[in-house]
Amino acid sequence: MAGPQQFIQPPFPTDLVEELHALVDRPIRVMVICGTQTRTLLKYSDEDILPEDLEIVTGPGCSICVMPAGHIDAFVKIGKEPDVITATCEDLLRVQGSQESLESIKQKGALVEVVDSPMEALDLARRYPNKIVVFTAVGFEGAAPDVAETILEAASEGIDNFCVIPSIRLLPPSLDSLMSDPELNIRGLLCSAHIQSITDSQAYADLARQHHLSCAVAGFGIAEILQGLISIVKQIISEKPIITNPFNNVAQTEETIRNSKIMSEVFFAVETDWRGLGSIEGSGFVIRDELSLYDAVKRFNVRFKKGEEEFQCQCAAVLSGRLTPDECPSFGISCTSRHPVGPCMAAQEGLCASYFRHIFGRL
Ligand code: SF4
């Protein structure tokens, strides 16, 4: 008789590790953009399995971490308005703005609810017609289609007590800015699979061509990551930088086209601020004027201003690959997962939080 279904851990891909070691014949720096992929590498102790000459640099792969204090200040300001319910992801709660966080205003009585999706926030609006539900739309481009779809659904149903603070960011412009820094000397980019549902390979192909980068798109398991790194190293050695993407198929292309269409119905790209990277042209979204009822920034007449960030926090250097979290003087001392100082420790997906769990044995 069949027992309960059990998750079978795939065998560790020793053959891929050996292949990578045999290939790397020179110092190579590769940026791993996605926080989840970085976490997988940490879990398998990347320093033990990767060749010494293959240096992994982490990128701005956590959308909560790249949120500047000024954006948190806007969330807090709107969250304190009467009759507002802020609907937010859990990770954002503890991230500190200039003075307060969503968690601290909740403790003082503001209505702040954790939701898992924009549709869940819209459901809150249906349940509480006498409140205005404000959804904090954070994430990279992968998050944008769901938010766009929710706004369109609210508009089609005539729901007017729902709106969104658009704080979604596009990765390719930020990577373009990072790759222009000769000090970083990045030769390869490992991209995660989920960005492919939004940004077709062209944005990354352009990036690769412009900066002579080798790129690979990979999933989140250790075998997929190693395959991606092998592809990058092969491209570098053969001096034929391309972009390899095992997810590029007809179904994926159709999804990308559908997502692009729905996003352009609701948003357009503008310049926005990033923690650690400054202001980057074309890297943020705003809601189109026709849908301004659903734009909380316009509805509450709030502006994203420059905020004050904790001076001892090195998140800016961590997010731009210039420092590893354990090189921050506060890491594990004044900044811990229980008492985070910066967003990279406050967010579950943050790099400092991932290092903290890894180093203190909590992965
Ligand atoms: S360890 Fe804490 S203080 Fe240091 S960079 Fe990370 S979040 Fe900021």
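Residues numbered from 1 in each chain as written. Predicted model: local features only at pLDDT ≥ 70, side-chain atom pairs only at ≥ 80, totals over all residues. Heavy atoms only, no water.

A.B. asks: I tried to follow the overall build of the protein on my own but got confused; where do I start?
C.D. replies: Across its full length, the protein carries 16 helices and 11 strands. Its C-alpha atoms give the protein a radius of gyration of 21 Å, within 12% of the compact-globule value 21 Å for 363 residues. Projected onto its principal axes, the C-alpha positions of the protein cover 65 × 60 × 50 Å. Looking at the protein as a whole, 53% of its 363 residues are labelled buried. Contacts in the protein between residues far apart in sequence, at least 24 positions, make up 78% of those at least 6 positions apart. Accessible area of the protein: about 17,200 Å², with a carbon and sulfur share of 50%. Across the protein, the centroid of the 30 positively charged side chains sits 4 Å from that of the 49 negatively charged ones. (Helix = DSSP H or I, 4+ residues; strand = E, 2+ residues; numbered from the N terminus. Rg over C-alpha atoms; globule rule 2.2 N^0.38 Å. Buried < 20%, exposed > 50% of the residue type's maximum accessible area, 1.4 Å probe, protein only. Contact = heavy atoms within 4.5 Å. Areas by Shrake-Rupley, 256 points an atom, 1.4 Å probe, with all protein chains shown as cover. Lys, Arg positive; Asp, Glu negative; His and termini not counted. Charge placed at Lys NZ, Arg CZ, Asp CG, Glu CD.)

A.B. asks: Would you explain unusual backbone geometry in this entry?
C.D. replies: Trans peptide bonds make up most of the peptide bonds, and negative phi angles are found at most residues other than glycine. In this structure, histidine 212 takes a positive phi of about 55° despite not being glycine. As for its position among the elements, histidine 212 is in the loop between α10 (201–211) and β8 (214–218). In this model, asparagine 301 sits at a positive phi of 50°, which is unusual for a non-glycine residue. Checked against the element boundaries, asparagine 301 lands in the loop between α13 (296–299) and α14 (315–319). You can call asparagine 301 exposed: its relative accessible area is 67%.

A.B. asks: Even after reading the chapter, I still don't get the packing of aromatic side chains, so can you show me in this structure?
C.D. replies: Two numbers describe a pair of aromatic rings. These are the distance of the centres and the angle of the planes. Taken as a whole, this structure holds 4 aromatic pairs when the rule is applied. Pairing phenylalanine 140 with tryptophan 274 gives two aromatic rings, centres 6.2 Å apart and planes at 20°, and the pair type is stacked. Separated by 134 residues along the polypeptide, phenylalanine 140 in strand β5 (residues 132–140) and tryptophan 274 in strand β10 (residues 267–274) bring together distant segments of the chain. Each member of the pair, phenylalanine 140 as well as tryptophan 274, carries the same accessibility label: buried. For arginine 169, the ring lying beneath its charged end belongs to tryptophan 274, and the centroid distance is 5.8 Å. (Phe/Tyr/Trp six-rings, centres within 6.5 Å; stacked < 30°, edge-to-face > 60°. Lys NZ or Arg CZ within 6 Å of the ring centre and 35° of its normal.)

A.B. asks: Honestly, the packing of helix α7 (residues 118–127) against helix α8 (residues 144–157) in this entry has me stumped. Any pointers?
C.D. replies: For any two helices packed against each other, the geometry comes down to the angle between their axes and how far apart the axes lie. The contact between α7 and α8 brings their axes to 9 Å, and the two run at 25°. Overall, the two elements α7 and α8 adopt an arrangement that is roughly parallel. Along this stretch, α7 crosses α8, giving a crossing that reads as right-handed. Each of Pro118, Met119, Leu122 and Arg126 in α7 lies in contact with α8, whose residues at this interface are Asp146, Val147, Glu149, Thr150, Glu153, Ala154 and Glu157. (Axes fitted to C-alpha atoms, helices over the stretch in contact; angles between N-to-C directions. Parallel < 35°, antiparallel > 145°, perpendicular 65-115°, else oblique. Left-handed = near helix turned anticlockwise from the far one by under 90°.)

A.B. asks: Help me out: how do you make sense of the environment of isoleucine 222 in this one?
C.D. replies: Assignment of secondary structure puts isoleucine 222 in helix α11 (residues 222–238). Residue isoleucine 222 is classed as buried on the basis of its relative accessible area of 8%. In this structure, the C-alpha to C-alpha distance between isoleucine 222 and proline 13, residues 209 residues apart in sequence, is 7.8 Å. When near neighbours in sequence (up to four residues on either side) are disregarded, isoleucine 222 contacts Phe12, Pro13, Thr40, Leu41, Tyr44 and Ile49.

A.B. asks: Quick question: what am I supposed to make of the nonpolar core here?
C.D. replies: Taken as a class, soluble globular proteins show a tendency for nonpolar side chains to be buried jointly. Judged by nonpolar contacts, the single largest core of 65 residues is most densely connected at Met31, Phe75, Val134, Leu189 and Phe300. Beyond its immediate stretch of four places on either side in the chain, phenylalanine 300 contacts Ile78, Glu81, Val84, Ile132, Val134 and Cys163. Listed in part, the 28 residues of the second largest apolar core include Ala87, Val115, Val164 and Phe285. (Core = buried A, V, L, I, M, F, W, Y, C linked by side-chain atoms within 4.5 Å.)

A.B. asks: Would you mind showing me how to read the site of the ligand here?
C.D. replies: Close to the ligand lie Cys313, Gln314, Cys315, Cys328, Ser330, Phe331, Cys335, Val341, Gly342, Met345 and Cys352. Looking at side-chain class alone, the shell around the ligand contains 8 nonpolar, 3 polar and no charged residues. (Near = heavy atom within 4 Å. Nonpolar A, V, L, I, M, F, W, Y, C, P; charged D, E, K, R; others polar.)

A.B. asks: Any chance you could explain helix α4 (residues 69–79) here in plain terms?
C.D. replies: Helical geometry: 3.6 residues make up each α-helical turn, so side chains three or four residues apart lie on a common side. The buried fraction of α4 is high, at 9 of 11 residues. Residues of α4 that are buried include every one of Ala69, Gly70, His71, Ile72, Ala74, Phe75, Val76, Ile78 and Gly79, and no others.

A.B. asks: Help me understand α8, please; the structure alone is not making it clear to me.
C.D. replies: For α8, which comprises 14 residues, the first-to-last C-alpha distance of 20 Å matches the rise-based estimate of 20 Å (1.5 Å per residue) to within 8%. Buried residues of α8: Ala144, Pro145, Val147, Ala148, Thr150, Ile151 and Ala154, and no others. Of the residues one or two after α8, glycine 158 is the one with positive phi, at around 70°. (Expected span 1.5 Å × (residues − 1).)

A.B. asks: How should the pattern of salt bridges be read in this particular structure?
C.D. replies: Once the charged atoms of two side chains with opposite charge are near each other, the side chains can pair. In total, this model carries 16 salt bridges according to the counting rule given. It is possible to trace a salt-bridge network through shared partners that takes in Asp123, Arg126, Glu153 and Glu157. (Salt bridge = Lys/Arg side-chain N within 4 Å of Asp/Glu carboxyl O.)

A.B. asks: For this particular structure, what's the right way to read the pairing of strand β3 (residues 84–88)?
C.D. replies: Walk down a regular strand and you will see the side chains alternate between the two sheet faces. Within β3, 5 of the 5 residues are buried, which leaves the element mostly enclosed by the surrounding structure. Of the two faces of β3, the one carrying Val84, Thr86 and Thr88 and the one carrying Ile85 and Ala87 are both buried. Looking at chain direction, β3 and β5 are connected through 4 bridges and run parallel. Bridge pairing links alanine 87 to phenylalanine 135 in β5. Direction of pairing for β3 relative to strand β4 (residues 111–114): parallel, over a ladder of 4 bridges. (Pairing = 2+ DSSP bridges.)

A.B. asks: Where do I start with the state of the cysteines in this structure?
C.D. replies: Considering all chains together, one arrives at 0 disulfides under this definition. In this structure cysteine 163 is a free cysteine whose sulfur lies 17 Å from that of cysteine 89, the closest cysteine sulfur available. Among the residues examined, cysteine 163 registers a relative accessible area of 0% and is labelled buried. Left without a disulfide partner, cysteine 315 is nearest to the cysteine sulfur of cysteine 313, which lies 3.2 Å away. (Disulfide = S-S within 2.5 Å.)

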